[in-house]
Amino acid sequence: WSRVGWSWSGWWKVVERLLNQAQKNFPEAAFNMLKETLVRMQEQKGCKHMFLKPPFDDLRRQMLIEKLSSLAPEMDVSTEAKAKE
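Residues numbered from 1 in each chain as written. Predicted model: local features only at pLDDT ≥ 70, side-chain atom pairs only at ≥ 80, totals over all residues. Heavy atoms only, no water.

A. Helix H3 (residues 58-71), seen in detail. Across its 14 residues, H3 extends 20 Å between first and last C-alpha, which sits within 8% of the 20 Å expected from 1.5 Å per residue. Listing the buried residues of H3 in full gives Arg61, Leu64, Ile65, Lys67, Leu68 and Leu71. The buried side chains of H3 occupy one side of the element, clustering within an arc of 160° when seen end-on. In H3, the exposed positions angled more than 90 degrees off the buried face are occupied by Asp58 and Leu59. (Helix = DSSP H or I, 4+ residues; strand = E, 2+ residues; numbered from the N terminus. Expected span 1.5 Å × (residues − 1). Buried < 20%, exposed > 50% of the residue type's maximum accessible area, 1.4 Å probe, protein only. Arc of directions from axis to C-beta.)

B. Just the packing of helix H1 (residues 8-25) against helix H2 (residues 27-43), in detail. Interhelical geometry of H1 versus H2 gives an angle of 150° and a closest axis separation of 6 Å. The pairing of H1 with H2 is recorded here as roughly antiparallel in orientation. When H1 is examined against H2, the residues Trp11, Val15, Leu18, Leu19, Ala22, Gln23 and Asn25 are found in contact with a partner set consisting of Pro27, Ala30, Met33, Leu34, Leu38 and Met41. (Axes fitted to C-alpha atoms, helices over the stretch in contact; angles between N-to-C directions. Parallel < 35°, antiparallel > 145°, perpendicular 65-115°, else oblique. Contact = heavy atoms within 4.5 Å.)

C. Representation of the packing of aromatic side chains within the structure. Counted by the stated rule, this structure contains one aromatic pair. Consider the rings of Trp11 and Trp12, whose centres lie 6.1 Å apart with planes at 40°: the pair is tilted. Residue classification places Trp11 among the buried residues on the basis of a relative accessible area of 6%. Trp12 gets classed as buried once you look at its relative accessible area, which sits at 10%. (Phe/Tyr/Trp six-rings, centres within 6.5 Å; stacked < 30°, edge-to-face > 60°.)

D. Looking closely at the packing of H2 against H3. As a packed pair, H2 and H3 sit with axes 8 Å apart at the nearest point and diverge in direction by 150°. As far as their axial angle goes, H3 and H2 are roughly antiparallel. On the side of H2, the interface is formed by Pro27, Ala30, Phe31, Leu34, Lys35 and Leu38, while H3 contributes Leu64, Lys67, Leu68 and Leu71. The residue makeup of the contact of H2 with H3, split by class, is eight nonpolar, no polar and two charged. (Nonpolar A, V, L, I, M, F, W, Y, C, P; charged D, E, K, R; others polar.)

Here you go:
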């Protein structure tokens, strides 16, 4: 996700726009899209613990957790420890 001219706020705006659209009709698919995106980001070479490094500070990790929770309210993704698994 790291590119010249690409910032957290720009990335997050795109994520929110895409997920808000998908969430209207396909909330489970929206959850899976975000989950798979985060998994693929972490699988990139040199990114093993990327969500523990800048720009993923506590607030931004919490935003991701809250977005995942809103997409799948029946699932318990409320703790940061679970997000780090």
